[in-house]
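The chain contents come next:
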Amino acid sequence: MQYSEVYSSLQTRVIDAQENPLVVLKTGKLFEVQKYCSLTNHIWDGYWCIMNKKSWQSLPPDLQQIVATAFKEGAMNQRAEISRLNASLLDDLKATGLIFNTTDPSSFRQKLKESGYYATWHKKFWALLEGAVGKLS
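Residues numbered from 1 in each chain as written. Predicted model: local features only at pLDDT ≥ 70, side-chain atom pairs only at ≥ 80, totals over all residues. Heavy atoms only, no water.

Engineer: Go over the nonpolar core, please, and point to the residues and values.
Structural biologist: One finds Leu93 and Leu98 to be the most contacted residues of the largest nonpolar core, which totals 14 residues. Where this core is concerned, the elements lending two or more residues are helix 1 (3-11), helix 2 (22-27) and helix 4 (61-95). If near-sequence neighbours (up to four positions away) are discounted, Leu93 is found in contact with Leu22, Leu25, Lys26, Phe31, Leu98 and Phe100. (Core = buried A, V, L, I, M, F, W, Y, C linked by side-chain atoms within 4.5 Å. Buried < 20%, exposed > 50% of the residue type's maximum accessible area, 1.4 Å probe, protein only. Helix = DSSP H or I, 4+ residues; strand = E, 2+ residues; numbered from the N terminus. Contact = heavy atoms within 4.5 Å.)

Engineer: I'd like to hear about the environment of Phe31, residue by residue, with values.
Structural biologist: Turning to its location among the elements, Phe31 is positioned in the loop between helix 2 and strand 1 (36-39). Separated by 90 residues in sequence, Phe31 and Trp121 have C-alpha atoms that sit 29 Å apart. In contact with Phe31, not counting residues within four places along its chain, are Leu25, Lys26, Leu93, Thr96 and Leu98.

Engineer: Tell me about the packing of aromatic side chains, and name the residues and values.
Structural biologist: Following the criterion strictly, the structure yields one aromatic pair and no others. Ring plane angle 75° and centroid distance 5.5 Å describe the contact between Tyr117 and Tyr118, whose orientation is recorded as edge-to-face. Residue Tyr117 is classed as partly exposed on the basis of its relative accessible area, which comes to 26%. Residue classification places Tyr118 among the partly exposed residues on the basis of a relative accessible area of 31%. Over the ring of Trp121 we find Lys124; its NZ or CZ atom is 5.4 Å from the centre of that ring. (Phe/Tyr/Trp six-rings, centres within 6.5 Å; stacked < 30°, edge-to-face > 60°. Lys NZ or Arg CZ within 6 Å of the ring centre and 35° of its normal.)

In structure tokens form, the structure reads like this:
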């Protein structure tokens, strides 16, 4: 489904749910067409930094270390900023009348694990990525 169709599909009840980070609920004004939001925390939405393996290996080790350190620091700053953003968005979205349901993330993750969700995506994406860039932590 095209993102532009999500709003109208929720509005007309063609669909009754969607899965997006809070920032999408806010910017897409999805709070106007849905009443409830369940916070499952089963997946992390962030940005990926990917580099061509051949280009990376062409850098001298000291430059690799500088870049790796900067990316790691940036990733930690990004996680902190996403956490702050989500906290403020939660308050903003509650003010619109959106009702939040909390869940037990461990039971939700367990069901996804049992269903093969994580294994499927690991096989489709993570393993492919590791095959191109090497073992990821």
